[in-house]
Amino acid sequence: MSPRSKDLPRRSCLSVPGSSEKMMGKAPGIPADMVFLDLEDAVAPREKEASRAKVVEAIRGHEWGDKVLCVRVNDWSTKWTAFDIVEVVGNAGPRLDEIMLPKVESAAQVVAADMLLRQVEVRAGLPVGHIGMEVQIETARGLINVEEICAASPRLETVIFGPADFAASMEMPVLTGGVQIPSYPGDHFHYVFSKILMAGRANGLQVIDGPFLYVRDQDALRDYAARTRTLGYDGKWALHPDQVTVLNDVFSPTQEQFDKAWDIIDAYRDATEGEGKGAVMFGTEMIDEASRKMALKFISRGERAGRVRTPK
Ligand code: GLV
Ligand code: MG
């Protein structure tokens, strides 16, 4: 677990191809909470090995501010994973916060990456445990094992749903990843979203939704992102800077919610400490200890998004 990045916001997680110096050069100026430089599916096989050095150069050469900075390596079924980790983590220096492991199918795959990271950290002079991990759940086997996967290493910071690969793994008859299927009466991913969310939360992880492929339709993105936001997700991937703006908004509490959360905290404290009551009326609703817990979540998310309570 990277002590710097574990609790930083990840409302918008921008994917940037590790083969493109130009796009990696623009990424620090885009207001995404998190950026991941991709060595996996956004990079052509023949470019993969050459991209490792480009990614290292981008990490060392640009000013990344307080963004969470991650590199997505290739999955364990390829010939690249270990060498991606050795070359990138071994040379990137301390500014790299995490690696993202795609298509994770078992706890053993997380443990393997964890052990390799320890050796690479020691050789590179980084503190052991400096590099955090994000895991993508995007196959049927990964979803079946998600509970063990989320508990497999103290380095884990987030679990991410990968809708495009997941649809392929399930043989869903769709050709566009991560969007609503109009012919399905309901949300075809509802079970998947909930299962991943529970496994992540049970292990103290942030939980992130993957890409939305209609990159030019921001209204449709806003509508679709509201689903995982409502369930409790922390953020979602962005494939384009325009998506970042929408996601930062969707995954931040409104000012009204933020102020109401503070009012609940105050009213509940007055009731418990002043009047010795555990449940009281707050306007037209009844509040109790569970209301206080819900309000605290809004406050911490609001503060992470830079909200300040409106003065009375
Ligand atoms: C992301 O990696 C996806 O497959 O949706
Ligand atoms: Mg994928």
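Cut-offs applied
- Residues numbered from 1 in each chain as written.
- Chains lettered and ligands numbered in written order.
- Predicted model: local features only at pLDDT ≥ 70, side-chain atom pairs only at ≥ 80, totals over all residues.
- Heavy atoms only, no water.
- Core = buried A, V, L, I, M, F, W, Y, C linked by side-chain atoms within 4.5 Å.
- Buried < 20%, exposed > 50% of the residue type's maximum accessible area, 1.4 Å probe, protein only.
- Contact = heavy atoms within 4.5 Å.
- Near = heavy atom within 4 Å.
- Polar contact = N/O pair within 3.5 Å; in protein donor to acceptor, adjacent residues only side chain to side chain.
- Areas by Shrake-Rupley, 256 points an atom, 1.4 Å probe, with all protein chains shown as cover.
- Helix = DSSP H or I, 4+ residues; strand = E, 2+ residues; numbered from the N terminus.
- Nonpolar A, V, L, I, M, F, W, Y, C, P; charged D, E, K, R; others polar.
- Donors = N, O, S within 2.8 Å, 3.2 Å for Na, K, Ca; no water.

Engineer: How do you make sense of the nonpolar core when you look at a structure like this?
Structural biologist: Leu37 and Ile196 are the most contacted members of the largest nonpolar core, which totals 63 residues. Ignoring any residue separated from it by four or fewer positions in sequence, one finds Ile196 in contact with Ile137, Leu143, Val146, Val159, Phe161, Val207 and Tyr233. Core analysis: the second largest hydrophobic core is formed by eleven residues, Ile264, Ile265, Tyr268 and Phe282 among them.

Engineer: Hey, could you run me through the site of ligand 1 in this one?
Structural biologist: Surrounding ligand 1, one finds Arg72, Gln136, Glu138, Gly162, Pro163, Ala164, Asp165, Pro211 and Trp237. For ligand 1, an oxygen atom lies 3.2 Å from a polar atom in the side chain of Arg72. Within the backbone of Ala164, one N or O atom sits 2.8 Å away from an oxygen atom of ligand 1. Compared with its free state, where it exposes 190 Å², ligand 1 has 94% of that area covered by protein. Considering each element in turn, the shell around ligand 1 owes the most residues, three residues, to helix α7 (residues 163-170). Here the residues of the shell around ligand 1 sort into four nonpolar, two polar and three charged.

Engineer: Got a minute to help me understand the coordination of the magnesium ion (ligand 2) in this structure?
Structural biologist: Each donor-metal-donor angle would ideally measure 109.5 degrees in four-coordinate tetrahedral geometry, or 90 or 180 degrees in six-coordinate octahedral geometry. Coordination of the magnesium ion (ligand 2) by the protein involves Glu138 (OE) and Asp165 (OD), with metal-donor separations of 2.1 to 2.2 Å. With Glu138 in the loop between β5 (132-137) and α5 (140-144) and Asp165 in helix α7, this pair connects stretches of sequence that are 27 residues apart. When its relative accessible area of 2% is taken as the criterion, Glu138 is described as buried. Assessed through its relative accessible area of 23%, Asp165 is described here as partly exposed.

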